[in-house]
Amino acid sequence: MKLECKHVWEHISGYIDETVDAKLREEIEKHLEHCEICSAVLDATRNILVLTADDRTFELPVGYSERLHQRLEEELKRKKQ
Amino acid sequence: METRGTTEAGLIARILAGETELFHELIRPYERMVYMTVFSVVKNEAEAEDGAQEAMINAYRHLASFRGDAKFSTWLVTIAINEGRKRLRKAKSAPEESIDEPTEGQEGEFTPALLTDWREIPLEALERKELREALRMAVAGLPDIYRQVFTLRDLEELNVEETAQALGIQAGAVKVRLHRARMMLQKRLVPLLKTTAPSRGRWFGRAL
């Protein structure tokens, strides 16, 4: 059975997360071998995930950690008294 | 993982036994996670920072109720989600979900951006600052339910079960929302990349 592009897109996420079953996985891979468009969609999605996992993309406010521990310290002291 | 679990359980026991100073050490690996989680709900830096502090204090106050049947990280994220939601409710008495919230249910047909160009993006391009900025904007622009799932799964790397538990939704909903979030982001970002990608360089392709 030949997969349509639309069907592949529906399972892109599952394919990346490796939650699609073996048979579907094989069909998708076969499709990707000859379909430039779906390969590009897959690459683009993966690139987004790489960027997302890059700590520089979503940064913490400067001084966040220091302020957090200072606030915690106040709480810890307060409790002890 | 096992070592960390043991260490963590040990730390928790010691904190509960009175060595409260160790709480600083206990939460250090999760500072980023808690902030990003609250931010995914409140979408405001100052509010997220304050909420993250509050969530950590709540975790400290209720540490004795942590049973260890869930992972400590999941427990913390759940507290962070609740703190964010509490703040959101306070901020607006209006309905929580925005009106442009897409309805769930049937498998929505999300057509991805059909551009083959992006597979030819060199690694250097992913290093660009504008690209990270564009992704931040695109994530901020996602409908709430999608942004929250995306943050927990792809930014904080929680698994499906942990994400479902933290958000109080079914595992199936996590998968559907994550898929839609990724497709929406892909659609938003591909055109931006198309105009800036140089035609030569090291390819960042399928080998990932």
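Residues numbered from 1 in each chain as written. Chains lettered and ligands numbered in written order. Predicted model: local features only at pLDDT ≥ 70, side-chain atom pairs only at ≥ 80, totals over all residues. Heavy atoms only, no water.

Participant: Hey, could you run me through the overall build of chain B in this one?
Facilitator: Broken down by element type, chain B carries 10 helices and zero strands. Starting at the N terminus and ending at the C terminus, chain B contains elements arranged as α-α-α-α-α-α-α-α-α-α. Within chain B, buried positions represent 50% of all 208 residues. Put simply, of all contacts in chain B between residues at least 6 apart along the chain, 71% involve residues at least 24 apart. With an accessible surface of roughly 10,500 Å², chain B has 52% of that area assigned to carbon and sulfur atoms. (Helix = DSSP H or I, 4+ residues; strand = E, 2+ residues; numbered from the N terminus. Buried < 20%, exposed > 50% of the residue type's maximum accessible area, 1.4 Å probe, protein only. Contact = heavy atoms within 4.5 Å. Areas by Shrake-Rupley, 256 points an atom, 1.4 Å probe, with all protein chains shown as cover.)

Participant: Explain the packing of helix α4 (residues 36-53) of chain A against helix α8 (residues 144-155) of chain B here, please?
Facilitator: Running from N to C, α4(A) and α8(B) point in directions that differ by 80 degrees, and their axes come no closer than 10 Å. Regarding the angle of α4(A) to α8(B), the classification is roughly perpendicular. Across the interface between the two elements, A:Ile48, A:Leu49 and A:Thr52 of α4(A) pack against B:Phe150, B:Asp154 and B:Leu155 of α8(B). In terms of residue class, the contact of α4(A) with α8(B) is built from four nonpolar, one polar and one charged. (Axes fitted to C-alpha atoms, helices over the stretch in contact; angles between N-to-C directions. Parallel < 35°, antiparallel > 145°, perpendicular 65-115°, else oblique. Nonpolar A, V, L, I, M, F, W, Y, C, P; charged D, E, K, R; others polar.)

Participant: I'm lost on the environment of B:Ala59 in this one. Help?
Facilitator: All names here are of chain B. Along the chain, the position of Ala59 falls in helix α4 (residues 45-61). The exposure class of Ala59 is buried, given its relative accessible area of 0%. For the pair Ala59 and Leu185, spaced 126 residues apart in the sequence, the C-alpha separation amounts to 33 Å. If sequence neighbours within four positions are ignored, Ala59 has contacts with Phe23, Trp75, Leu76 and Ile79.

Participant: Please explain the nonpolar core as it appears in this structure.
Facilitator: Within soluble globular proteins, side chains that are nonpolar generally end up buried alongside one another. In terms of nonpolar packing, the biggest core is built from 80 residues, with B:Phe23, B:Phe72 and B:Phe150 touching the most fellow members. Each residue touching B:Phe72, except ones within four places of it in the same chain, is listed here: B:Glu8, B:Ile12, B:Leu26, B:Tyr30, B:Leu63 and B:Phe66. (Core = buried A, V, L, I, M, F, W, Y, C linked by side-chain atoms within 4.5 Å.)

Participant: Explanation requested: unusual backbone geometry in the structure shown.
Facilitator: Negative phi values dominate among residues other than glycine, just as trans dominates among peptide bonds. Of note, the phi angle at A:Glu18 is positive, near 60 degrees, even though the residue is not glycine. Non-glycine residue B:Glu157 carries a positive phi angle of around 60 degrees. Tracing the backbone through its elements, the reader meets B:Glu157 in the loop between α8 and α9 (160-167). Residue B:Glu157 is classed as exposed on the basis of its relative accessible area, which comes to 57%.

Participant: Help me understand the side chain of B:Glu54, please; the structure alone is not making it clear to me.
Facilitator: The residue B:Glu54 is located in helix α4 in this model. On the accessibility criterion, B:Glu54 (18% relative accessible area) is buried.

Participant: Mind showing me how you'd approach the packing of aromatic side chains here?
Facilitator: When we look at a pair of aromatic rings, we describe it by the centre distance and by the angle of the planes. Taken as a whole, this structure holds seven aromatic pairs over all chains when the rule is applied. An angle of 20 degrees between the planes, with centres 6.0 Å apart, marks the rings of B:Tyr35 and B:Phe39 as stacked. Here B:Tyr35 pairs with B:Phe39, and both are found in helix α3 (residues 31-42), just four residues apart, close to one helical turn. Relative to B:Phe72, the ring of B:Phe66 has its centre 5.4 Å away and its plane inclined at 80 degrees; by these criteria the two rings are edge-to-face. A single burial state applies to B:Phe66 and to B:Phe72, both of which are buried. Members of the aromatic cluster, joined through ring pairs, are B:Tyr30, B:Phe66, B:Phe72 and B:Trp75. In this structure, A:Arg25 is placed above the aromatic ring of A:Tyr15, and the distance from its NZ or CZ to the ring centre is 4.3 Å. (Phe/Tyr/Trp six-rings, centres within 6.5 Å; stacked < 30°, edge-to-face > 60°. Lys NZ or Arg CZ within 6 Å of the ring centre and 35° of its normal.)

Participant: What exactly am I supposed to notice about the pattern of salt bridges here?
Facilitator: Any two side chains of opposite charge can pair, given that their charged atoms come close. Applying the stated criterion to the full structure yields 21 salt bridges over all chains. A salt bridge links A:Arg25 to A:Glu29; its shortest N-O distance comes to 3.6 Å. With A:Arg25 and A:Glu29 both in helix α3 (residues 22-34) and four residues apart, the pair spans about one turn of that helix. Looking at A:Glu29, the relative accessible area reads 32%, which means it is partly exposed. The partner of B:Asp144 in a salt bridge is B:Lys43, with the nearest N and O atoms 3.7 Å apart. Here B:Asp144, found in helix α8, pairs with B:Lys43, found in the loop between α3 and α4; they are 101 residues apart in sequence, far enough to count as distant. (Salt bridge = Lys/Arg side-chain N within 4 Å of Asp/Glu carboxyl O.)

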